[in-house]
Amino acid sequence: MTTLQLQNIVKRYKTNTVLDNLSLDVADGETLVLFGPSGAGKTVLLRLVAGVIDPDEGRVLIGGEDMTDVEAEHRGIGMAFQNFALFPHMSAEDNIASPLTATRSSADAIKASVGKVAKLLKIDHVLSHHPKALSNGQKQRTALARALVGSPPLLLLDDPLRNVDAKLRFEMRLELPRLLAAQGATVVYVTQDYKEAMALGDRIAVMANGSIRQIGTPEEIYNAPADIEIARLFGDPTINLLDVTPKKGPHGIHVELSNVEVPLPGAPEEVVGRDCVIGIRPESISFTTAAGAVPVDVEAETPLNEKTVTLVLTARKREILVSRPAGTPGPAQGAAAIAIDGSTAFLFDKATGALVRKTATAHGRNGEAA
Amino acid sequence: METTSPLERIFRFVALSLVVLFFMFPIVWIFLMSFQTNETILTIPPTIVFSPTLSNYAALITGKLTTSAGTLDIAFMRNLMNSVFLSVTSVALSLVLGVPAAYAFARHKFRGSEDIAFTLLSFRFAPPLLVLLPLTQYFQWLGLSDTYVGLIWVYQLICLPLILWIVRGYFEDISADVEYAYRIAGHSWFATFRKIALPLAGPGIAAAGLLAFIFAWNNFVFALVLASADKQPVTVGALAFVTSSGIQYGQIAAAIVLSVTPTLALALYAQRYLVEGLSLGAVKG
Amino acid sequence: MASTTLSRKPASRFRISRKVLPYVLSLPALLVCIGILIPFVTAVIYSLQRYRLSQPWGRKFNWGENYWNFLFNDPGFWNTLKISLLYAGITVTLELLLGLGIALLLQRRSRINNFISIMLLLPLMIAPALAALMWKLMTNPGFGILSYLAGLVGLENFRWASSPDTALLTVVLVDIWVYTPFIMILLLAGLRSLPTQPFEAAALDGVPRTFVFFRITLPMLTPYILTATLFRLLDSIQQFDIIYAMTQGGPGNALTVFQVEAYLNFFQSTNIGRSAALMVILWAITYLLSNTFIKNWLRLRERARGEA
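Residues numbered from 1 in each chain as written. Chains lettered and ligands numbered in written order. Predicted model: local features only at pLDDT ≥ 70, side-chain atom pairs only at ≥ 80, totals over all residues.

**Details of the overall build of chain A**
Note the cut-off: The numbering of helices and of strands both runs from the N terminus, where a helix is a DSSP run of H or I of at least 4 residues and a strand a run of E of at least 2. With C-beta atoms placed from the backbone, a residue is buried if 20 or more other C-beta atoms are within 10 Å of its own, exposed if 12 or fewer are, and partly exposed between those counts. What counts as a contact here is a pair of residues whose C-beta atoms, placed from the backbone, lie within 7 Å.
When helices and strands are tallied, chain A shows nine helices and 22 strands. Its C-alpha atoms give chain A principal-axis dimensions of about 80 × 45 × 35 Å. For chain A, with 370 residues in total, the buried portion stands at 43%. When contacts within chain A are restricted to residue pairs at least 6 apart in sequence, those whose partners lie at least 24 apart make up 66%.

**Topic: the overall build of chain B**
Which entries qualify depends on this criterion: For the radius of gyration, the atom set is restricted to C-alpha positions; the globular benchmark scales as 2.2 Å times the number of residues to the power 0.38.
Along the backbone of chain B there are 13 helices and two strands. Taking 285 residues into account, the globule formula puts the C-alpha radius of gyration at 19 Å, and chain B, at 24 Å, lies well above it. Along the first, second and third principal axes, the C-alpha atoms of chain B reach 75 × 70 × 35 Å. Within the span of chain B, comprising 285 residues, buried residues form 53% of the whole. Pairs at least 24 apart in sequence give 73% of the contacts found in chain B among residues at least 6 apart.

**Re the interface of chain B and chain C**
What counts is decided by this rule: Gly is put with the polar residues, along with every residue not named as nonpolar or charged; the nonpolar set is Ala, Val, Leu, Ile, Met, Phe, Trp, Tyr, Cys and Pro, and the charged set is Asp, Glu, Lys and Arg.
Counting from both sides, the interface comprises 83 residues of chain B and, opposite them, 73 residues of chain C. In terms of residue count, the dominant contributor to the side of chain B that touches chain C is helix H1 (residues 6–33) of chain B (12 residues). A class-by-class count of the residues in the side of chain B that touches chain C yields 63 nonpolar, 15 polar and five charged.

**Side note on the pairing of strand E15 (residues 276–280) of chain A**
Looking along a regular strand, one sees side chains alternate from face to face of the sheet. All names here are of chain A. Stated formally: Pairs of strands are assigned from DSSP output, requiring at least two bridges between the strands.
Within E15, four of the five residues are buried, leaving the element largely enclosed by the surrounding structure. Alignment of strand E11 (residues 240–244) against E15, held across five bridges, turns out to be antiparallel. Each residue of the ladder has a partner; that of Asn240, found in E15, is Ile280. Relative to strand E21 (residues 346–349), E15 runs antiparallel, the two sharing four bridges. Within the sheet, the bridge partner assigned to Ile278 lies in E21 and is Leu347.

**Quick look at the sheet that holds strand E2 (residues 16–26) of chain A**
Residue and element names in this part refer to chain A. Read from one edge of the open sheet, four strands run E2-E1-E4-E5, paired in antiparallel fashion. The open sheet has two edge strands with one neighbour each: E2 and strand E5 (65–66). Sheet analysis places strand E1 (residues 4–13) next to strand E4 (residues 57–62), joined by five bridges and oriented antiparallel. Within the sheet, the bridge partner assigned to Leu6 lies in E4 and is Val60.

**Quick word on the confidence of the model for chain B**
Residues and elements named next belong to chain B. We apply this condition: pLDDT expresses, on a scale from 0 to 100, how confident the predictor is about each individual residue.
In the predicted model, chain B carries a mean pLDDT of 86, and the fraction of residues at 70 or more is 96%. Across chain B, helix H8 (residues 176–184) holds the top mean pLDDT of 93, while strand E2 (residues 70–73) sits lowest at 69. The complex prediction reports pTM at 0.84, with the ipTM value standing at 0.89.

**Looking at the sheet that holds strand E20 (residues 334–340) of chain A**
All names here are of chain A. Selection rule: Here, axes are lines fitted to C-alpha atoms. For helices the fit covers the stretch in contact, and angles between N-to-C directions go from 0 to 180 degrees.
The sheet built from five strands is open, its strands ordered E16-E20-E17-E18-E19 with antiparallel pairing. Because the sheet does not close on itself, it has two edges, and the strands there are strand E16 (285–287) and strand E19 (319–325). Within the sheet, the average angular offset between the axes of one strand and its neighbour, ignoring direction, is 50°. Pairing geometry for E16 and E20, over three bridges, is antiparallel. Bridging from a neighbouring strand, Ser286 pairs with Ala339 of E20.

**Remarks on the domain arrangement of chain B**
Residue and element names in this part refer to chain B. Put simply, the rule reads: Where each domain begins and ends is defined by an automated method or by a domain database.
As assigned here, chain B comprises domain 1 (6–73) and domain 2 (76–278). Using C-alpha coordinates to define each centre, domain 1 is positioned 31 Å away from domain 2. Contact with domain 1, which involves 16 residues of that partner, is made by 13 residues of domain 2. If you list the elements that add at least two residues to the side of domain 1 that touches domain 2, you get H1, helix H2 (38–41) and helix H3 (55–62). No other element matches H3, which puts five residues into the side of domain 1 that touches domain 2. Counted by class, the side of domain 1 that touches domain 2 contains 10 nonpolar, six polar and no charged residues.

**Overview of the pairing of strand E6 (residues 77–80) of chain A**
Residues and elements named next belong to chain A. In E6, alternate side chains face the same way, and those of Ile77 and Met79 on one face and Gly78 and Ala80 on the other are all buried. Relative to strand E7 (residues 154–158), E6 runs parallel, the two sharing four bridges. Within E7, the residue paired with Ile77 across the bridge is Leu154.

**Thoughts on the nonpolar core**
Selection criterion: Buried Ala, Val, Leu, Ile, Met, Phe, Trp, Tyr and Cys residues form a nonpolar core when they are connected through C-beta atoms within 7 Å.
Leu162, Ile163, Val167 and Ile256 of chain B together with Ala131, Leu133 and Met279 of chain C are the most contacted members of the largest nonpolar core, which has 291 residues in total. Apart from residues no more than four positions distant in its own chain, Val167 of chain B is found in contact with Gly98, Val99, Ala102, Ala201, Gly204, Ile205 and Ala208 of chain B.

**A few points about the packing of H1 of chain B against helix H12 (residues 249–269) of chain B**
All names here are of chain B. Cut-off, in case you're wondering: Angles are sorted into four bins: roughly parallel if under 35 degrees, roughly antiparallel if over 145, roughly perpendicular if 65 to 115, and oblique for all others. Left-handed describes a crossing whose near helix is turned anticlockwise from the far helix through less than a right angle; right-handed describes the clockwise counterpart.
One can describe the packing of H1 onto H12 by two numbers: an axis separation of 8 Å at closest approach and a directional angle of 125°. As the angle between them shows, H1 and H12 are arranged oblique. In this structure, the crossing between H1 and H12 has a hand that is left-handed. Together, Ile30, Phe31 and Met33 of H1 and Tyr249, Gly250, Ala253, Ile256 and Val257 of H12 make up the contact between the two elements. Here the residues of the contact of H1 with H12 are counted per class, giving seven nonpolar, one polar and no charged.

**Side note on the confidence of the model for chain A**
Residue and element names in this part refer to chain A. Residue-level pLDDT values for chain A average 86, and 96% of them are 70 or greater. Per-element averaging of pLDDT across chain A places helix H9 (residues 365–369) at the bottom with 38 and strand E8 (residues 186–191) at the top with 93. The low-confidence segment residues 361–370, where pLDDT is below 50, has 18 contacts with residues more than four positions distant or belonging to other chains.

**A closer look at the environment of Leu186 of chain C**
Summarising the element assignment, Leu186 of chain C is placed in helix H7 (residues 167–193). Among the residues examined, Leu186 of chain C registers 26 C-beta atoms within 10 Å and is labelled buried. Each C-alpha atom of the pair Leu186 of chain C and Leu226 of chain C lies 11 Å from the other, and the pair is 40 residues apart in sequence. Once residues lying within four places of it in the same chain are set aside, the contact partners of Leu186 of chain C are Val275, Ser279 and Val283 of chain B together with Tyr224, Thr227 and Ala228 of chain C.

**Brief notes about the environment of Val114 of chain A**
Residues and elements named next belong to chain A. Structurally, the position occupied by Val114 is in helix H3 (residues 107–120). On the neighbour-count criterion, Val114 (23 C-beta atoms within 10 Å) is buried. Linking Val114 and Pro55, residues 59 residues apart in sequence, is a C-alpha distance of 33 Å. Apart from residues no more than four positions distant in its own chain, Val114 is found in contact with Glu93, Ile96, Ala97 and Val149.

**Structural notes on the packing of H8 of chain B against helix H9 (residues 189–218) of chain B**
Residue and element names in this part refer to chain B. Interaxial distance between H8 and H9 falls to 9 Å at its minimum, and their mutual angle equals 130°. Between H8 and H9, the angle falls in the class oblique. Handedness of the H8/H9 crossing: right-handed. Within the contact between the two elements, H8 uses Val178, Glu179, Tyr182 and Arg183 and H9 uses Trp189, Thr192, Lys195, Ile196 and Ala197. Here the residues of the contact of H8 with H9 sort into five nonpolar, one polar and three charged.

**Brief notes about helix H6 (residues 128–142) of chain B**
Residues and elements named next belong to chain B. Just so we agree on the cut-off: By this rule, a helix spans an expected 1.5 Å times one less than how many residues it contains.
The first and last C-alpha atoms of H6 sit 20 Å apart over 15 residues, in line with the 21 Å expected at 1.5 Å per residue. Turning to H6, its buried residues are Pro128, Leu129, Leu130, Val131, Leu132, Leu133, Pro134, Leu135 and Phe139. Trailing H6 by a residue or two, Gly143 shows a phi angle of about 70°, which is positive.

**Side note on helix H6 (residues 145–152) of chain C**
Where H6 of chain C is concerned, the buried positions are Ile145, Leu146 and Ser147 of chain C. In this structure, the buried side of H6 of chain C is in contact with H1 of chain B together with helix H5 (128–138) of chain C. Positioned one or two residues after H6 of chain C, Gly154 of chain C has a phi angle of 95°, which is positive.

**Focus: the environment of Thr238 of chain A**
Within the secondary structure, Thr238 of chain A sits in the loop between helix H8 (228–233) and E11. Along the chain, Thr238 of chain A and Ile320 of chain A lie 82 residues apart, while their C-alpha atoms are 10.0 Å from each other.

**A look at unusual backbone geometry**
Residues and elements named next belong to chain A. Residues Asp236 and Pro237 are joined by a peptide bond in cis, for which omega reads 0°. At Lys14, a position not held by glycine, the phi torsion is positive, near 55°. Tracing the sequence through the fold places Lys14 in the loop between E1 and E2. The class for Lys14 is exposed, based on 5 C-beta atoms found within 10 Å. In this model, Lys317 sits at a positive phi of 60°, which is unusual for a non-glycine residue.

Have a look at this one:
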């Protein structure tokens, strides 16, 4: 276990600034997920921590010690790569053993350690195979085993589930937290999948264009996305975003959708009359037959595993996604009405995209991330 | 593929036969000639029916040529040994110099690396005599004229660009992540170079070495300018042999056969890499 | 699991080694570079001097006089320029046409085609100087098979390299024999790497084959043709081995191309200033060619790396 601190890291490639004055603290034993779209600089950041790329400015501290100028082999890090990066000319066993051969461990001790981690990852039966003879899942587990075998205090996982099929990804998403917990290591985990981020991270750092936009627990990010972009990245189906101008009426602050008032309990006075974007999670909307609901046209329905998503159009032809648990009754094609739970809606400033009012009540983390 | 008409097939057959005849005939003819006595060779019209003799090869290998006029010493075997020694050591040195440099150029894009790589490449295309003529004088000052050391150094002009550019391509083909993974696993850059980069680029390095050997062996002008008789490789030696032996055509043919056999054998062995080597890594076969 | 203790070395030591490492690795190659640059500069200096080994006392800078002489009172130079360009032009044109033709004949992957293409590479693997000797034996006026064959078709007394009229033809023939396989093998690799869809589509649509060749095959093959041609042009304008081994530049000054002329000037006439000036001019020509060449070559190389 150890801590990781990045201080004012700048990395440029030619004129392109990939990391822009980035700072980050990862606590002892914490699993921090770096989340963001491709090109955000996540992978570069990870390599910088590993010591195979030098920052142009800034410092990397591991366990409080300045490691900026220390070669990769002396940083004591375990790393798994997105493309596995197995050594093609070595057997799985030699691949996994490579972090141990650098130390002066005895051959027996190495064999025992490799066997143990291979058993843990269920690849003990393919240890003699070369990477070419391994399935994608086995390659991924071999790469993971190689990262874990030396029990490194700091573990860097670069989107390790990216290149495996959906079934395996699902299994590993359940298995990984247990594995990482057993290691007790400090983990930096890179992913582009928000569900993975929410399932694995003690905290999530959302990256875009070389800097960290928001950092917090999964709940914080989900319930108070710092801006529209982050709100859009977290949640499936994607959050509904509609241009609105909140008004103040006899029932408090509200927005009007198709001439129906949707109250926003607890919204601050400052939003009144301002051009805003309202963000409503699809699961905060439900079909209703009660009076005072927003009239819509049902366009299409997509049944997913655990939920059903319906696309509806408002009178002004604005698209809204509605989510309901699978198996519950839904509306027929044609006219319907929806009720919006204004207490869970976000308001963003239209000009800056920044959050101006966060949701009044918390969403369950696991219910949405499953 | 389209169906071919009989006419076209006949045309293709005839055309290919002519091509094969033109390119193979000289090799076959000289090979046959090397087993003929001078009398057979001078027969008009030329014949391909003859009783083969090994006397030409025997004369070359023993280094003694007995003619009616007396006995003549032939230095040809020495030339052959020179060729072997010069080519092998030049390639070995070139690998020692070129492989680490190729690795540096492929992996660490440092300031000026491209310029150096291209300068080395441009040597491949500069007129050799431009450098060789002043070099004769420098070699005299340095005491390198007519030494193996001097020749091997100059041979780097042929071998080094070839090895540098081919091997660099093979290093570039290795995923950087694979090397990073080994570094992060706790190994030094040198261990990574030895245990990861070298084995993975191994076939390319071997091929580049073989090709460099062929080019070194076939070189003519460097040794012509810089070497005297006892340091000469076969390319220059054979020419001198023609002048000195006068009319011993059978032995000249045998000398040519002995001189070209090593490169032809290596070319057949390394043919998979020839295209890449000949184009300095621009085209993969 | 227990965490391993790590041997962490002082930080400062590694900063230096990491920055310097690539230079250390390429330093030896660099030294060879520099070792070659020195004689290069010397050659340029010689070319600006009046420098004859036969008259060492008369050595002095005459600046552009060697070059000036080339232009206005040195028919030998114009002969050299003419022969060199002629030689390069004829050999490269013929080799390109022949190489392209053979590549097209061998384009289809089959065992016999692959075998033939490997066989055809053999002349390329023979030292050009030795290849010239082989042809010298075959064109010997006394017993050479080619002289005999020439006689059969009515060319009695066809003297090949020993006559000024046919010397160029003879060395061109040897050059073609040695180097056509080079162009062939490059174009064959190019042809075989072309995508198949355009050709399949054209065949389905019944597009005439001449049209397919000129409108699809040739344009797609152009980068390979350019690279092969420039590569050969660069070599051919500097040809020395074949010509020197065959005729040593003769008969007379029939084959005194740049490098042969410079060699003879240096070692026979010992006119070092003129020899160096000739080489500098040849270098200028090849420099221009090689810049164009390297651009094309790089593009092909990128492509080959991309496919890997």
